[in-house]
Structures are given as C-alpha cells and as structure tokens.
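Listed below are the residues making up each chain.
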Amino acid sequence: MSTLELGVYSFGNTPRTPDGGYRPTAHAIRNVLEAVKLAEEVGLHFFGFGEHHTRSMPLSSPTSLVTAAAASTHRIRLGTTVTVLSTEEPLRVFQQLATAAAIAPGRIEAVAGRGSSAITFPIFDLDERDYDMLYASKLELLLAVNAAEHVSWSGPHRQRPLQDTLIVPRPEQPLKIWLGSGGSPESVGRAVELGVPLFLGILGGSPEHWAQYGRAYRDAWTQVGHHADTADIAVAVHGFVGADNATAKATYLDHEQRMFATGAAEIGRAPMSPPGRDAQLQPGGMVFAGSPDEVADRILHLHSLLGHTRQILQMDVGGMPHATYLTAIELLGTEVLPQVRKELS
C-alpha cells in the first residue's frame, strides 16, 4: 500500500482593511494557530510554518510557531517549511525544535532551506556574498548536533570550533530534517550526499517536469548505497480547495496575483506575476486549486509520477479572508484526503 500525507503550510497572511491597508501583524500569528487546530481536527497529517519577513507574510520565527502549535495540538505533525538556515543560528534552531519535540514527542520536523530572496542578509548583518558557504556550513552543523548530544565541529561560519560541547535539550528521537530545494540539480545532489530527505518547493512547471527530480534523487540515492525504500520526497505547492472548480480557481488566482504583486514590492522588486499563471491552475499545472474531486485527482496523478510521501498546500495568500482559508482547510481534510486515502489503500 502506498502512503501519502496531506497538509498545509503558511507564511502568515496579515488581514487587510477595507481601504486596502493592513491590520496588525499579530492577527496573522493568531490566525495561523487557529488554522493548525482546524487542520488537526479534520485529520490532516502536517502543518508547516514558513519564514518570511514582510508585513503581508510576517511569520519570521517559524520555530516559535512550531513550539506554540506543539502545546496546543495532540496528533498533527509540525515543522518549519522552511527555516532560512543561511541567516539562522543552527544550534538555536535545533534547541528550539528540540524544545518543541519535548512538548510533542515524535511530531516535530524541520526543512532547512536557503530562502527565496536575500532580504534576511541585511536584517541579520550578514554578507550575501557568503550565501553558499553559510548554507552549507550551517546545514552540516545542524545535522551534526541532531546526531549527537556532544558535538566536536568546526566550519567556516564559526570563529571558534565546538569541542565536545553539550547541546540540550535533546529530542527523544532525532528530528527529521529535510533539505529544502526549489529544484536545482545541486540541491538534489547535496541531499543524497548528506543522506537526508528532499523537500521540493514548487511554484510552477508540470508534474512530468518534477517527476524528473524524483527519478534523479532516487537513482543517486541508491547509487551511493542507500536502500531505495528510504528515499523520501515531500512537495510544497500553491493550492486551494473550494466547493466548485470555477469559483475555487478564480478565488485563488485573484489572491495569488495580489500576493505576487505585494511580495515583490515589499522586497524591492518590480511587481510581477509569473506568465501563464491561469494554465498552472488547470490539470497539467502545479497550482492545485479547484473542487475537492479535481484537487484529489491531481494530487494522485502527481503521486503516480513522483512517488512523494507528503504534499502540503499554501492557501492563505494575498489577504485571503481567514474564513475562506479555514473552509479550504476543512475541505482538504474532509473531502480531498478521504479520496486520496481510498485510492491509495
């Protein structure tokens, strides 16, 4: 029997005012914690917290949200999606997630990624020219501290080496740490080299295109001696579930276009929306918006090609009303998930 977990992820979605302004960003934090509880109630497997540093998407501390959600849920798995590791302190990331794992044993994960923009480098007084070095070095340390409570380690991002240093608290089992990738071949190779699962963040393309990454990862995984059954791929996409196809697609496309325009302006880029976005919402694209039946069918089609074990949707974009978002989560859990589960059982 093939298995596929379904879930949701969020970067936060600050509510808008009638005149187009913003309500306090604190509303976005409280709203996302309400969404986690609903996701658990309707049977979804996972909720992820992303990292952005903008007014429209203000979840800048995903480990904090993981810990808060750990204390208010009982079954759902929780994680960062992603932690922008290049500009984070890996020891603190581990300690914060280990704290959450003490509250919610066996339910805490992390996705370690580079980030989709350089906005965090000036915020945390780091040099963007060190982008690759910082990520590689910090990822190595994060994996090392996850593997052993006493760490002896040196790397280019630290001035002082660690010498048999105790790092606590410890999770009762090692954290599952994924390598986050936007789809570069180098990331696939790095995940294989490090022996970690691959988390694909996808904005566009086709199922057939992304299936190539799955094949490349699995082929390389077995070539270096790993057992084929341990190759693990998760997928994060844009998506939305509504009562009918036409309304769901129109609703999501409207809010997604607002998200692209606002997000670009907030990080100093020209307003943009990826070309051909309408087509991405149709079968053959990678934005999973539609009725429960269509979304279930498209998830199953991608799974037949990619063989991924988890798919999560970002639905709360562009100032989407919170009630609309909660309804979509409910439909994902009560109507899409049962269809996927039945087909794969």
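See the structure shown above.
Residues numbered from 1 in each chain as written. Predicted model: local features only at pLDDT ≥ 70, side-chain atom pairs only at ≥ 80, totals over all residues. Heavy atoms only, no water.

Looking now at empty space enclosed by the protein. By the definition in use, this model includes 2 cavities of 30 Å³ or more. Lining the largest cavity, in full, are Gly12, Asn13, Arg16, Ser56, Met57, Met259, Thr262, Asp316, Val317, Gly318 and Gly319. In this structure, the second largest cavity encloses a volume near 30 Å³. Phe46, Gly79, Thr80, Thr81, Glu109, Ala110, Val111, Trp178, Phe199 and Arg310 are the residues that line the second largest cavity. Listing elements by their share of the lining of the second largest cavity, those giving two or more residues are β3 (77-84) and β4 (108-113). (1 Å grid on protein atoms, 1.4 Å probe; cavity = no way out; pocket = protein on both sides within 12 Å on 5 of 7 lines; lining within 4 Å. Points joined across faces, edges and corners; volume = space filled by probe spheres on them. Helix = DSSP H or I, 4+ residues; strand = E, 2+ residues; numbered from the N terminus.)

Among the 5 residues that make up strand β11 (residues 310-314), 5 are buried, leaving the element largely enclosed by the rest of the structure. Covered by surrounding structure in β11 are Arg310, Ile312 and Gln314 together with Gln311 and Leu313, the residues of both alternating faces. Relative to β11, strand β1 (residues 5-10) is paired through 5 bridges, and the arrangement is parallel. Each residue of the ladder has a partner; that of Tyr9, found in β11, is Gln314. Of the strand pairs in this sheet, strand β9 (residues 233-241) and β11 are connected by 5 bridges, and their pairing is parallel. For Ala234, the partnering residue across the bridge sits in β11 and is Arg310. (Buried < 20%, exposed > 50% of the residue type's maximum accessible area, 1.4 Å probe, protein only. Pairing = 2+ DSSP bridges.)

The biggest cluster of nonpolar side chains holds 103 residues, and the ones touching the most others in it are Phe47, Phe49, Leu78, Ile108 and Ile329. The greatest single-element share of this core, amounting to 10 residues, is contributed by helix α11 (residues 322-344). Other than its neighbours up to four places away in sequence, Phe47 contacts Val8, Ser10, Val32, Ala35, Val36, Ala39, Ile76, Arg77, Leu78, Gly79 and Tyr325. (Core = buried A, V, L, I, M, F, W, Y, C linked by side-chain atoms within 4.5 Å. Contact = heavy atoms within 4.5 Å.)

In this section: helix α2 (residues 62-72). Taken as a whole, α2 has its buried residues at Pro62, Thr63, Leu65, Val66, Ala69 and Ala70. Along the axis of α2, the buried residues cluster in a sector spanning 155 degrees; they form a single face. Elements in contact with the buried residues of α2: α1 (25-41), β2 (46-49), β3, α3 (90-103) and β4. (Arc of directions from axis to C-beta.)

Moving on to the packing of aromatic side chains. Geometry of an aromatic ring pair is reported as the spacing of the ring centres plus the angle between the planes. Evaluation of the coordinates by the stated rule reveals 6 aromatic pairs. Considering the side-chain rings of Phe47 and Phe49, the 5.2 Å spacing of their centres and the 40 degrees angle between planes classify their relative orientation as tilted. Phe47 sits in the buried class, given a relative accessible area of 0%. Ring centres of Phe240 and Tyr252 lie 6.1 Å apart, and the angle between their planes is 20 degrees; this geometry places the pair in the stacked category. With Phe240 in strand β9 and Tyr252 in helix α8 (residues 245-266), the pair connects residues that are 12 residues apart, well separated along the chain. The exposure class of Phe240 is buried, given its relative accessible area of 4%. Taking NZ or CZ as reference, Arg298 lies 4.9 Å from the ring centre of Phe288, over its face. Directly above the aromatic system of Phe46 lies the positively charged group of Arg310, at a separation of 4.1 Å from the ring centroid. (Phe/Tyr/Trp six-rings, centres within 6.5 Å; stacked < 30°, edge-to-face > 60°. Lys NZ or Arg CZ within 6 Å of the ring centre and 35° of its normal.)

Scanning the model with the defined rule gives 10 salt bridges in all. Here Glu5 and Arg310 are joined by a salt bridge, their closest N and O atoms 2.8 Å apart. Separated by 305 residues along the polypeptide, Glu5 in strand β1 and Arg310 in strand β11 bring together distant segments of the chain. Glu256 serves as the salt-bridge partner of Arg277, at 2.8 Å between the closest nitrogen and oxygen. Placement of the pair is Arg277 in helix α9 (residues 277-280) and Glu256 in helix α8, with a sequence separation of 21 residues. (Salt bridge = Lys/Arg side-chain N within 4 Å of Asp/Glu carboxyl O.)

This next bit is on a negative patch on the surface. Residues Asp293, Asp297, Glu330, Glu335 and Glu343 make up a contiguous surface patch of negative charge. With 3 residues, the top contributor of residues to the negative patch is α11. (Patch = residues over 30% accessible without salt bridge, like charges linked within 9 Å, V, L, I, M, F, W, Y side chains within 5 Å. Areas by Shrake-Rupley, 256 points an atom, 1.4 Å probe, with all protein chains shown as cover. Lys, Arg positive; Asp, Glu negative; His and termini not counted. Charge placed at Lys NZ, Arg CZ, Asp CG, Glu CD.)

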